[in-house]
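Structural overview for review
Residues per chain are reported as follows:
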Amino acid sequence: MKQYIIRRIIYSLLILAGAIVITFIMVRLLPGDPIRAAMQQNVDLNDASIVEEVRARYGLDRPVHVQFFMWLIDFFKGDWGTSLSSGEKVTAMFWRRVPVTLELFVGATIWAWVLGIPLGIYSALNRNSWLDALFTSVSVFGISIPVFWEAIILIYFFAVFLQVLPPSGYVAFFENPIENLKLVLMPTFVMGTQSAGGLARYVRSSFLEVLGKDYIRTARAKGLREKAVIFRHAAKPAMIPVVTIIGLSWGGLIGGSFIVELMFAIPGVGRMGLDAVFARDFPIVQATMVVVSLNVLIMNFIVDITYGYLDPRVRLIK
Amino acid sequence: MIFPKRVSIGAVLLTIILASTLFAAMNFFVHKALAQDEQSEWVWTQKNPKPSWWRWDEKYYPAKPVRGGIYRTAASRYIGLMNPNHWPVNDWVSMGNFYEKLILTDGNYRSTVPFLASYWEYKDPVTVIMKLRKGVKFTDGSAFNAEAIKFQIDWIRDKRNGAWSRAWLAPVKSIEVVDEYTVRWKFKKPWAGFLGIMSNVPGYVLSHQGLKNDVILRDLKKAQGQAKRLKRKLAKGGEKAKKKYEKAKADVDRLTPMAEGIVSLDAWGVGSGPWIIEEAKPGNRMKYKRNPNWWFGRSIGHPDMPYMDGVLVTVIPEPSVRLANLKAGKIEALHIDKSQYPLVKDDPNLNVWITPGNHVTSMVFNHAEGPCKDIRVRKAISHAIDRKAIIKGTQFGFGIEASCMYPAIHWTHNPNLKPVKYDPELSKKLLAEAGYAKGLTIRGVMGNDQSSVKLGQAIKSMLAQVGIEWKIRTVDPVSGSDANKNRDYDMAGGGWAWIYDPDLMATGLYHPDGGFNYGRSNNEKAIALIEAGRTETDLVKRQKIYWELEKILYENYEDAWLFWYVGIDANRKVVLGYNREMGMAGQEGYFATHPGWFKDGHN
Amino acid sequence: MAAVTTEEFEPRRKSNVGFLAIVRTLFKHRLSLVGIVIIVFMFSLAIFAPVLAPYDPLEQDLDNVLKGPSIKHWLGTDDLGRDLLSRVIYGAQVSMTVGVACTVFSLIVGTFLGLLAGFKGGKTDQIIMRLVDMVMIFPGFIFILILAAALGPGMINIIIAISLFGWAGAARIIRGNVLSTREEPYVDAARAAGASQWRIMFKHVLPNSAAPMIVAAALGIGGAVGMEAGAAFLGIGVQPPTPSWGRELRIGYTYLATVPLFSIAPGMLITLAILAFTFLADGLRDALDPRIRGEGKKM
């Protein structure tokens, strides 16, 4: 086991290093000079040397490989650079937005659990009933529906038509809890349905598998009541693999948060990243990509380890 | 005629008597006000007479100002750096809350309103004498005087301070202190744009103490860096480095205590304006409190100015959310998007103002290569565009058909020019003459924001009707800037926003030195006029030059100018004190001198 | 963007399924039948757009912008007075083209690299699979977004961007299959008989991996349609005035309060397209898996 973990760590680090390089290359492949574009857009500048000077201040005049190593060293020292478009420290901008995005993630996970797990269990217990059929198609629907369309439908129905929820925006929870909850209700639901669909299917198949096991039959044969069988004997083994999938859905959540934050005008990490791509705000794009991939990597790592722990065969295969 | 003759003569007489009494009374009050505060001296000269909106009586606004209340408004982005000379500058509007300019512009965007500079005069084309307002103090207690201005200008011009606005002060040779409130400017060459620049970024007066602090911080940072580097060298055994290291170390030791407790102007703006920063939460909000000692209010006998207790600027990036906040009464005023107009026009709680602005939207041609070198092609394109339909279809009806580059309200616009007529038949004829009877394909670049895409599509379909296929690439601003630089287009979207001094735009677009030209336009007559405009210091003569310039460009179909901007603002009706007529006539000058107030002293 | 989880396709035994049997099961599978109907509908929209569309999708009418539905314009007009129905119909062309093209490219590249990794093993395998891991730890959407922005606007570029992401999933599936089939007795036998590596790959391993690949392809088309729409939503990809559902949706979103159909209609089609391919994939999975096929009726 120990060896397996060490091997996984080495792999993960390798992947991270590769991801960082890929990120840097991709970001620098973006065409255009952000400084010139931004300065020309905002001020009537007729002097190119000033643009050069500002560029030099951001270190963008050096050779790309020098920039890469300087950025890398600073990044791991905790200095993620200065935003080209706002002049603020990227770390400060980042940490200000992390709680916002985390709130969305927590909310989305709650939605996913609340919707996905009961649906999955119900489907498994009433296999082949018409409700099972309905839930299965609903879960397929949940996985497939594009985030932006779901968002538009919800906004139209609840904010424009019924006018019971605000269409978009964000207020910090500690500033106005009620307003905050009202505002995150729709975005978290949109993010949650993606996971909920997958979760429901996974729970269903996991339960079906466990229910077919011998010890469940034995429990039933013992004359235990159905409820007891399900919740005392079946639930626990069925839920263990489900817990791991929650880790895997993390990556999907991050991807979804980009568009959700844009559509609901939520000042989170995803929105910052998106804006930065368009403004060619290199430090922000780089930081966002690395943090996001690091997140996914850690989650994958945890899942791998859990699998390895649960199923000794995995250790040998990988 | 409704009245008999005699009565009407009486009425006229009466009016004259009344008017003169009023005038006398006003004079009396103004004199009294002036007497209250000896330090103020408003220098209105015969050349630069007092404008019509320079008044604060009932004619200005019927209700009496009330003190109190917090004015809440929204910004789309937060000011990253609060020193406008440092890049990036994200929010010009908030800067105006704490910094004031030397010279303000009037309703025609002419720099004529003396503000922190009370008087100026060209002694000769390369020398300007500038008198400064007396009795002004920055909100950190340091004094505003000739020394402060000289320090600021030298600070901007000093490369070490990294001020991007340095480019705008390139013609300055030197600035000298004549006496405590007078400076003498010397230019390298005759420079007419000087006044316009003094109404722009270099003209924002920053706290003297604040700039001095910035210099300390700058030197300390540099010394620290040097010391660190030299220490490493020293460890390797470089004897030479020792002396240098000791010097750097001494600098660090000397500057460290001085830098204690200092906050850079980048993080905390200090000026002489009506508002003082109270709280700055990056990315979230800015809170200002009232400056109780605002010099301007006292100088005209209204010491209760500014009337409100404070200003709160909240950052709300999304336009729809900003509007929702306005409608819910959570903010007081907002500049709104044209598409949102139907949502505010019937709101009983809101005043909606539609005002022309000083931006122009145009299509720029590549004169250096491709089919648009040919004037017949440019003319055909210009005549193929239905400007009225564009304004109606893409601007929700808010826009003014443009005839040339400077908007109609700008003092340099030539009023004799008429917008190019929509005439597709003429276009077809011209194209046939130019040898494109079978059709013409040209390349183009437009921004990928929604309004540019829309505009591009509308024009594309208009051009298609005369047989021109305009192949547009829609790109983000950064790639667009690249395409512009590489002249990778035949016709591209363009325009200019915030046109103050006419030279910046004229040079930028039509002079080889310009930052936006990149060799695309090279009209010799226009270039000669632009160069003449830079040096002509007489306002009337200078205006004539730009009229002529516009005419040359217009006749050469240099670009296709589409429309001038019209802006929509909305404010809650509880905010009083806006006189539209005066506001239009005075623009920046009016807004800086006529603060509003709440009807009942609270919001 | 459908969340495509490749975890569900574990390598399976060689399945000798007849084509007819598959089709029969597919049609018995209610959801996939729905999916097939929608897919046929979408493709006919794309192919017969010039016949079906009542107006030229590019014809503007600046006097009638943002009008609601009427007898003349069933879905109303867009922000330049163009007929929305026609634009939505034409939009199918872009979505279907991008969906199919991306999937084909991803599969070709993915299959090749997956085979290579699985068969060569050792360093080649390590390098390719680490590359797959690297690509897959990025959230797909932002990866594609940056790539597409770097490549510049245009349909070809968005196809390249999506394919550059999509190959990783395909490669992983193929490699898994290769690993499990490599040790099969008949492959051993072929090797013993002196068949070359490539021959074994294409003759024995590839057909055996067909089942999961077909399912992945169906899901992949849906995914690519969603990705394209997402990118177009952000103004990247197909250039205006070419109608694209994602772009229509984005512009329509601005006018949601006044002309809701402007964004709801194209969004509906995107959703339908993705759903249809997901349904089909679901049916295919069951049809191609003999273990489940026996069960017959299962949603």
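For clarity, every value in this text was computed on a predicted model and none was experimentally measured. (Residues numbered from 1 in each chain as written. Chains lettered and ligands numbered in written order. Predicted model: local features only at pLDDT ≥ 70, side-chain atom pairs only at ≥ 80, totals over all residues. Heavy atoms only, no water.)

1. Considerations on the overall build of chain C
Across its full length, chain C holds 13 helices and 0 strands. Secondary structure elements of chain C occur, N-terminal to C-terminal, as α-α-α-α-α-α-α-α-α-α-α-α-α. The C-alpha extent of chain C, read off along each of the three principal axes, is 75 × 45 × 30 Å. Counting across all 299 residues of chain C, residues that qualify as buried make up 61%. Residue pairs at least 24 apart in sequence account for 72% of intrachain contacts in chain C once pairs closer than 6 positions are excluded. Carbon and sulfur atoms provide 67% of the accessible area of chain C, an area that totals close to 11800 Å². Each charge class in chain C can be summarised by its mean position, and for the 26 positive and 21 negative side chains these summaries are 10 Å apart. (Helix = DSSP H or I, 4+ residues; strand = E, 2+ residues; numbered from the N terminus. Buried < 20%, exposed > 50% of the residue type's maximum accessible area, 1.4 Å probe, protein only. Contact = heavy atoms within 4.5 Å. Areas by Shrake-Rupley, 256 points an atom, 1.4 Å probe, with all protein chains shown as cover. Lys, Arg positive; Asp, Glu negative; His and termini not counted. Charge placed at Lys NZ, Arg CZ, Asp CG, Glu CD.)

2. Some points on the environment of Ile545(B)
Residue and element names in this part refer to chain B. Summarising the element assignment, Ile545 is placed in helix α17 (residues 539–555). A relative accessible area of 14% places Ile545 in the buried class. Put simply, Ile545 and His367 are 178 residues apart on the chain and 23 Å apart in space, counted from C-alpha to C-alpha. Discounting chain neighbours no more than four positions away, the residues touching Ile545 are Leu529, Ala532, Gly533 and Glu536.

3. Details of the pattern of salt bridges
Summed over the entire model, instances satisfying the criterion amount to 47 salt bridges over all chains. Salt-bridge contacts for Lys89(A) lead to Asp79(A); the nearest nitrogen and oxygen are separated by 3.7 Å. Of this pair, Lys89(A) sits in the loop between α4 (64–77) and α5 (90–125) while Asp79(A) is found in the loop between α4 and α5, placing the two residues 10 residues apart along the sequence. The class of Lys89(A) is partly exposed, set by a relative accessible area of 40%. Here Arg254(B) ties to Asp251(B) by a salt bridge, and the two come within 3.3 Å at their closest N and O atoms. Note that Arg254(B) and Asp251(B) are positioned in helix α6 (residues 240–259) at a spacing of 3 residues, about one turn of the helix. You can call Arg254(B) partly exposed: its relative accessible area is 48%. (Salt bridge = Lys/Arg side-chain N within 4 Å of Asp/Glu carboxyl O.)

4. Regarding helix α9 (residues 197–208) of chain C
Each turn of an α-helix holds 3.6 residues, which means side chains three or four residues apart point in the same direction. Residues and elements named next belong to chain C. If you check α9, its first and last C-alpha atoms are 16 Å apart, about what 12 residues at 1.5 Å a residue would give, namely 16 Å. Among the residues of α9, those classed as buried are Ile200, Met201, Val205 and Asn208. Within α9, the buried residues cover an arc of 100 degrees as seen down the axis, which keeps them to one side. Here the buried face of α9 lies against α4 (84–120), α7 (155–182), α8 (185–192) and α10 (210–233). (Expected span 1.5 Å × (residues − 1). Arc of directions from axis to C-beta.)

5. A word on the nonpolar core
By size, the foremost hydrophobic cluster in this structure holds 229 residues, and its most contacted members are Leu102(B), Met130(B), Trp185(B), Phe194(B) and Phe296(B). Within the second largest apolar cluster, 33 residues are counted, among which are Leu431(B), Val466(B), Leu562(B) and Leu80(C). (Core = buried A, V, L, I, M, F, W, Y, C linked by side-chain atoms within 4.5 Å.)

6. Focus: the packing of aromatic side chains
The geometry of an aromatic ring pair is captured by the separation of the ring centres together with the interplanar angle, meaning the angle of the planes. Inspection of the entire model under this criterion finds 57 aromatic pairs over all chains. Considering the side-chain rings of Trp87(B) and Trp164(B), the 6.0 Å spacing of their centres and the 85 degrees angle between planes classify their relative orientation as edge-to-face. With Trp87(B) in the loop between β1 (70–75) and α2 (92–98) and Trp164(B) in the loop between α3 (146–157) and β7 (172–179), this residue pair connects regions lying 77 residues apart in the sequence. Trp164(B) shares its class with Trp87(B); the two are buried. Ring centres of Tyr406(B) and Tyr546(B) lie 6.0 Å apart, and the angle between their planes is 85 degrees; on these two criteria the pair is classed as edge-to-face. Highlighted residues: Tyr406(B) in the loop between β15 (400–401) and α12 (424–433) and Tyr546(B) in helix α17, separated in sequence by 140 residues. An aromatic cluster is defined as three or more aromatic residues linked by ring pairs; in this entry it consists of Phe24(A), Phe68(A), Phe69(A), Trp71(A), Phe75(A), Phe76(A), Trp80(A), Phe94(A) and Trp95(A). Just above the ring of Trp42(B) sits the side chain of Arg133(B); from NZ or CZ to the centre is 3.5 Å. The lysine or arginine in question, Arg130(C), covers the ring of Tyr11(A), its NZ or CZ lying 4.3 Å from the ring centre. (Phe/Tyr/Trp six-rings, centres within 6.5 Å; stacked < 30°, edge-to-face > 60°. Lys NZ or Arg CZ within 6 Å of the ring centre and 35° of its normal.)

7. A closer look at α17(B)
All names here are of chain B. Counted at 1.5 Å a residue, the expected span for α17 with its 17 residues is 24 Å, and the 24 Å between its end C-alpha atoms agrees. Those residues of α17 that fall on the buried side of the exposure criterion are Arg542, Ile545, Tyr546, Leu549, Glu550, Ile552, Leu553 and Tyr554. Its buried side turned inward, α17 meets α15 (502–510), α16 (524–535) and β19 (559–572). A distance of 3.0 Å separates the backbone nitrogen of Val540 from a side-chain oxygen at the start of α17, and that oxygen is part of Asp538. Positive backbone phi, at 45 degrees, marks Tyr557, one or two positions downstream of α17. (Polar contact = N/O pair within 3.5 Å; in protein donor to acceptor, adjacent residues only side chain to side chain.)

8. Some points on empty space enclosed by the protein
Residues and elements named next belong to chain B. Overall, the coordinates contain 5 cavities of 30 Å³ or more when judged by the stated rule. If you add up the space inside the largest cavity, you get close to 120 Å³. Along the wall of the largest cavity there are 17 residues; nearest its centre are Leu195, Trp411, Asp501, Leu539 and Arg542. The set of elements that each furnish at least two residues to the lining of the largest cavity consists of α4 (194–198) and α17. The residue inventory of the lining of the largest cavity, partitioned by class, reads 8 nonpolar, 5 polar and 4 charged. (1 Å grid on protein atoms, 1.4 Å probe; cavity = no way out; pocket = protein on both sides within 12 Å on 5 of 7 lines; lining within 4 Å. Points joined across faces, edges and corners; volume = space filled by probe spheres on them. Nonpolar A, V, L, I, M, F, W, Y, C, P; charged D, E, K, R; others polar.)

9. Observations concerning a positive patch on the surface
Residues Lys77(A), Lys228(B), Arg229(B), Arg232(B), Lys233(B), Lys236(B), Lys240(B) and Lys244(B) make up a contiguous surface patch of positive charge. If you tally residues by element for the positive patch, the top one is helix α5 (residues 208–235) of chain B, at 4 residues. (Patch = residues over 30% accessible without salt bridge, like charges linked within 9 Å, V, L, I, M, F, W, Y side chains within 5 Å.)

10. A word on the interface of chain B and chain A
Contacts between the two partners involve 41 residues from chain B and, on the opposite side, 35 residues from chain A. Regarding the contact of chain B and chain A, the summed buried area is about 3100 Å², with carbon and sulfur atoms giving 51% of it. Applying the counting criterion to the chain B and chain A interface returns 2 salt bridges. Between Glu53(A) and Arg166(B) there is a salt bridge whose closest N-O contact spans 2.8 Å. Where chain B packs against chain A, one counts 4 residue pairs in polar contact (both at pLDDT 80 or more). Per-element accounting of the side of chain B that touches chain A gives the leading share, 7 residues, to helix α14 (residues 477–485) of chain B. (Buried area = accessible area lost by both parts, 1.4 Å probe.)

Everything listed here is a matter of geometry and, on its own, says nothing about what the molecule does.
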